[in-house]
Amino acid sequence: FISIAVPALTFFLLTAVGLDLTRDDFVRVRRQWAVVCAGLVAPIVLLPPIALGLIWAFQPAPEVAAGLLLVAACPIGGISNTYSYLARASTALSVTLTGLSSLFASVTIPAIGRGLELSLGRPFELAAPIPLLLGQLVLTLGLPVALGMWIRHRRPDIAERHRPALQRLAFGGIAVVLLLVIVADPQAFVGGLNTTVPLAAVFVVISALAGWMTASMLTRDRNDRFTLAAEFGTRNVAVATTIAVTLLGRVEFARFATTYFLTELPLMLVAVALFRRGGSGRPIAR
């Protein structure tokens, strides 16, 4: 049930994201080449050193440390698009960064793995799961977003009339995803409350702050700043889990990815609520 429900909910969430987008949104993103480049390159440069610093500070168990490094090496998670959508931030920028990050992951993941090998002085061979990345790019990102945009183009009245209800459903959908992930492995969740959850929480917060500060150097638009913060703080835990289990053969490395996702969701929802309370610089439909 969980293996069907979570992808279905994700598909629905990203379809709602697509309902909020138009072609003009992506035209604007094309003019933001500096922000796009920073959103793609800066996480590769900043997140692995942040992870290494936290490992030095927290001194976690070796399998937790490896899980954190693995998460830091992965591309942007697709749920970041929902965070930007719920925050009324730059959703088209988020979709663009997520898609390009997944597209380039076949190069960036091995490159980060090589950098970690040099830093740690021990093997940390990483390879990108190309079929999973392509499947995510097409089926769980491109298809639902394109479907939502097509519905908006053909029936804009539907998108406008049901926008508040869709936002409420999106919040509820994220809550259901969180609940289902906890139910899938409650022992991992409870067992990590005193150890891995604090480490994951600090990594999420520092990564998001790094994204906000990176964007602040390039744009005054607080919506773009929030989007980059969400992109930095959201990692693709499905890719991390696949690498750990199928490519490295280390199931214990994947446990941190689950904890990270459980920690990231509520933290990002709090960030969304605070951002919306502060007021966004432009309406949802842009």
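Quick caveat, the model's predicted, so the values are computed rather than measured.

Enquirer: I'd like to hear about the nonpolar core, residue by residue, with values.
Expert: Formed by 74 residues in total, the largest nonpolar core has its most connected members in Leu68, Tyr83, Phe203, Phe256 and Tyr260. Ranked by the residues each element gives to this core, the list is headed by helix 14 (residues 251–278), at 10 residues. Excluding anything up to four places from it in sequence, Tyr260 contacts Val71, Ala200, Phe203, Val204, Gly233, Thr234, Arg235 and Val237.

Enquirer: Before we move on, can you summarise the packing of aromatic side chains with the specific residues and values?
Expert: Summed over the entire model, instances satisfying the criterion amount to 3 aromatic pairs. Centroid distance Phe226 to Phe275: 4.7 Å. Interplanar angle 35°. Geometry classified as tilted. With a gap of 49 residues between them, Phe226 in helix 12 (residues 222–233) and Phe275 in helix 14 connect regions that are remote in the sequence. The pair Phe226 / Phe275 is uniform in exposure class, with both members buried. Each residue in the set Phe203, Phe256 and Tyr260 is aromatic and connected to the rest through ring pairs, giving one cluster.

Enquirer: Explain the packing of helix 4 (residues 62–73) against helix 11 (residues 196–216) to me, and be specific about the residues and the numbers.
Expert: Between helix 4 and helix 11, the shortest axis-to-axis distance is 11 Å and the interhelical angle comes to 25°. Classified by the interaxial angle, the pair formed by helix 4 and helix 11 is roughly parallel. Note on packing geometry: the crossing formed by helix 4 with helix 11 is right-handed. For the pair helix 4 and helix 11, contact is made by Val64, Leu68 and Ala72 and by Thr196, Leu199 and Phe203, respectively.

Enquirer: Please provide a residue-by-residue account of the environment of Trp212, values included.
Expert: Following the sequence through the fold, Trp212 ends up in helix 11. The exposure class of Trp212 is partly exposed, given its relative accessible area of 29%. When the C-alpha atoms of Trp212 and Ala229 are compared, they prove to be 4.7 Å apart, with 17 residues separating the residues in sequence. With residues near it in sequence (within four places) discarded, Trp212 still touches Arg222, Arg225, Phe226, Ala229 and Phe275.

Enquirer: Lay out the pattern of salt bridges with the relevant residues and their values.
Expert: Opposite charge on two side chains allows them to pair when their charged atoms are near. Applying the stated criterion to the full structure yields 2 salt bridges. A salt bridge links Arg28 to Asp221, with the shortest nitrogen-to-oxygen separation between them at 3.1 Å. With Arg28 in helix 2 (residues 23–30) and Asp221 in the loop between helix 11 and helix 12, this pair connects stretches of sequence that are 193 residues apart. Of the residues examined, Arg28 reaches a relative accessible area of 13% and is grouped as buried. Overlapping salt bridges bring together Arg28, Asp221 and Asp224 as one network.

Enquirer: Pulling in residues and values, what's your account of the packing of helix 3 (residues 33–58) against helix 4?
Expert: Put simply, helix 3 and helix 4 touch, their axes get as near as 9 Å, and they point 165° apart. By the angle between their axes, helix 3 is roughly antiparallel relative to helix 4. In terms of crossing hand, the pair formed by helix 3 and helix 4 is right-handed. Contacts between helix 3 and helix 4 involve Leu47, Pro48, Ala51, Leu52, Leu54 and Ile55 on the former and, on the latter, Ala65, Leu68, Leu69 and Ala72.

Rules and cut-offs
- Residues numbered from 1 in each chain as written.
- Predicted model: local features only at pLDDT ≥ 70, side-chain atom pairs only at ≥ 80, totals over all residues.
- Heavy atoms only, no water.
- Core = buried A, V, L, I, M, F, W, Y, C linked by side-chain atoms within 4.5 Å.
- Buried < 20%, exposed > 50% of the residue type's maximum accessible area, 1.4 Å probe, protein only.
- Helix = DSSP H or I, 4+ residues; strand = E, 2+ residues; numbered from the N terminus.
- Contact = heavy atoms within 4.5 Å.
- Phe/Tyr/Trp six-rings, centres within 6.5 Å; stacked < 30°, edge-to-face > 60°.
- Axes fitted to C-alpha atoms, helices over the stretch in contact; angles between N-to-C directions.
- Parallel < 35°, antiparallel > 145°, perpendicular 65-115°, else oblique.
- Left-handed = near helix turned anticlockwise from the far one by under 90°.
- Salt bridge = Lys/Arg side-chain N within 4 Å of Asp/Glu carboxyl O.

All quantities given are derived from atomic positions and should not be read as evidence of function.
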